[in-house]
Amino acid sequence: MDELIFLGTGDSMGVPRVYCDCMICEEARTTGMNRRYRSAVMIRTAEGDILIDCGPDWVTQMEQIEQRFVSHTLITHAHFDHIAGLPEWVDACRWLGQRGHIYSPSEVLETIRAQFPWLPRHLYFHEIKPEGMELYGWKIEPHLMCHGKNGMSYAFRLTKGDMCVGYCSDAINLSPDQKLFLMNLDLLILGTNFYHEEAEFHTRSVYDMVEAIELLQELQPSQVYFTHMGHGVDVEERYAIPSNVTLARTGMRIALTVEDA
Ligand SMILES: Nc1ccn([C@@H]2O[C@H](COP(=O)(O)O)[C@@H](O)[C@H]2O)c(=O)n1
């Protein structure tokens, strides 16, 4: 049975934030309930694994799940917190003599090539076209999403048999067609930086939970996991969230079947 593992559920700085002594960062340093690596998931199938995003915590994340290698990586957008682990993945490819496969829409691949010009020596670059692609039995479709003040990011819709999963880690203020892409999902993984963010809307780049809950009323997914959470979120707090919403934790696993999702 395919499964999804949360390798990271943190915002762009992770939790704890290196400079911060707040209660949540201190808790993350001690018991570690709120320790959150940068957002990424691994989808495990019988045929092989698919990593979504490869941020600066990639090595630690692989050690945590005791996995030595991954061959196939999808990238949502070329921001530091989603791609900074690529050079380390490529070093592993080089030392193992195995060329990896990286997938994203063309402009994302272009930025990655510009940032890390040595990667194409050890990676096959695959453009994900708007009509999508197939990998290990999953149909994977991309859609460009509003990422607020930080530009644009892709969400992926992954379908296998009856199971339909949406991964949208970095989005805010979605337009009607962007919302349409995330409708009728069995499982939605959605980024929410805070429970309720006070900063002015035009300065922001990711939903907060209060806004996300409103969005869910339109999208009506069966099950939801919030990810990309900053140090304002305490996973032990009883927030007012619907019963089908879970705050994802590092290492959490979800069976990718319609019954279990
Ligand atoms: N052109 C850019 C803009 C931002 N970044 C990095 O993205 C992160 C901010 O992410 P949010 O999810 O909080 O919007 C942060 O790590 C910036 O350094 C980038 O790489 N390129």
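Residues numbered from 1 in each chain as written. Predicted model: local features only at pLDDT ≥ 70, side-chain atom pairs only at ≥ 80, totals over all residues. Heavy atoms only, no water.

As named in an unreviewed UniProt entry, the chain is MBL fold metallo-hydrolase, taken from Paenibacillus selenitireducens. Recorded in UniProt for the chain, the comment headed Function (unreviewed entry) runs: "Counteracts the endogenous Pycsar antiviral defense system. Phosphodiesterase that enables metal-dependent hydrolysis of host cyclic nucleotide Pycsar defense signals such as cCMP and cUMP." (UniProt positions renumbered as here; feature names shortened; annotations may be inferred.)

Note that Thr 73 resides in strand E4 (residues 72–74). Look at Thr 73 and you get buried, because its relative accessible area is 0%. The contact partners of Thr 73, leaving out residues within four places of it in the chain, are Leu 51, Asp 53, Cys 54, Trp 89, His 101, Ile 102 and Tyr 103. (Helix = DSSP H or I, 4+ residues; strand = E, 2+ residues; numbered from the N terminus. Buried < 20%, exposed > 50% of the residue type's maximum accessible area, 1.4 Å probe, protein only. Contact = heavy atoms within 4.5 Å.)

The next thing to look at is the sheet that holds strand E1 (residues 3–8). In space, the 7 strands of this open sheet follow the order E6-E5-E4-E3-E2-E1-E14, with mixed pairing throughout. This sheet does not close on itself; its edge strands, each paired only once, are strand E6 (123–127) and strand E14 (253–255). Adjacent strand axes in the sheet meet at a mean angle of 20 degrees, parallel and antiparallel pairs treated alike. Bridging between strand E5 (residues 100–104) and E6 involves 5 bridges; their strand directions are parallel. Within E6, the residue paired with Tyr 103 across the bridge is His 126. In the packing of helix H4 (residues 86–96) onto the sheet, the strands contacted are E4, E5 and E6, and the crossing angle to E5 comes to about 150 degrees. (Pairing = 2+ DSSP bridges. Axes fitted to C-alpha atoms, helices over the stretch in contact; angles between N-to-C directions.)

UniProt feature "domain: Metallo-beta-lactamase" (unreviewed entry): in the numbering of this structure it lies at residues 37–228. Secondary structure across residues 37–228 divides into 26% helix and 31% strand, with the first and last C-alpha atoms of the span separated by 9 Å.

Remark: a regular strand shows side chains that alternate across the two faces of the sheet. Counting buried positions along strand E10 (residues 163–168) gives 6 out of 6 residues, so the element sits mostly inside the fold. Neither face of E10 is left uncovered, since the one carrying Met 163, Val 165 and Tyr 167 and the one carrying Cys 164, Gly 166 and Cys 168 both have all their residues buried. Two strands pair when backbone bridges link them, and strand E9 (residues 152–160) and E10 are joined in this way by 5 bridges, in the antiparallel orientation. Following the sheet pairing, Leu 158 is matched in E10 by Val 165. If you look at the hairpin formed by E9 and E10, you'll find 2 residues sitting between the two strands, and Gly 161 has a positive phi there, around 55 degrees. Where E10 lies against strand E11 (residues 187–191), 4 bridges are found, and the strand directions are parallel.

Of the positions making up H4, those classed as buried are Leu 86, Pro 87, Trp 89, Val 90, Ala 92 and Cys 93. Turning to H4, the residues buried within the fold contact helix H2 (58–64), E4, helix H3 (80–83), E5, helix H5 (106–115) and E6. Backbone geometry just downstream of H4 places Gly 97 in the positive-phi region, at approximately 65 degrees.

Before going further, it helps to examine the pairing of E5. Within E5, 5 of the 5 residues are buried, which leaves it mostly tucked inside the rest of the structure. Along E5, one buried face is formed by Gly 100, Ile 102 and Ser 104 and the opposite face, lined by His 101 and Tyr 103, is buried too. As for the winding sense of the linkage, the β-α-β connection from E5 through H5 to E6 is right-handed. (Right-handed = clockwise from strand over helix to strand, strands pointing away.)

Below, the discussion takes up the sheet that holds strand E13 (residues 245–247). With mixed pairing, the 7 strands of this open sheet are ordered in space as E7-E8-E9-E10-E11-E12-E13. The open sheet has two edge strands with one neighbour each: strand E7 (133–135) and E13. Along the sheet, successive strands turn relative to each other by an average axial angle of 25 degrees, direction set aside. As paired elements, strand E8 (residues 138–146) and E9 share 8 bridges and run antiparallel to each other. Note on E9: the bridge partner recorded for Leu 144 is Tyr 154. In the packing of helix H7 (residues 209–219) onto the sheet, contacts are made with E11, strand E12 (223–227) and E13, and the angle to E12 comes to roughly 155 degrees.

On to the site of the ligand. Taken together, the neighbourhood of the ligand is formed by Ser 12, His 79, Phe 80, Asp 81, His 147, Asn 150, Asp 170, Ser 205, Val 206 and His 228. Here Asn 150 contributes a side-chain N or O atom positioned 2.5 Å from an oxygen atom of the ligand. His 228 is positioned with one of its side-chain polar atoms (N or O) 3.3 Å from an oxygen atom of the ligand. Coverage of the ligand by the protein amounts to 63% of the 480 Å² it exposes when considered alone. Of the residues assigned to the shell around the ligand, the class counts are 2 nonpolar, 6 polar and 2 charged. (Near = heavy atom within 4 Å. Polar contact = N/O pair within 3.5 Å; in protein donor to acceptor, adjacent residues only side chain to side chain. Areas by Shrake-Rupley, 256 points an atom, 1.4 Å probe, with all protein chains shown as cover. Nonpolar A, V, L, I, M, F, W, Y, C, P; charged D, E, K, R; others polar.)

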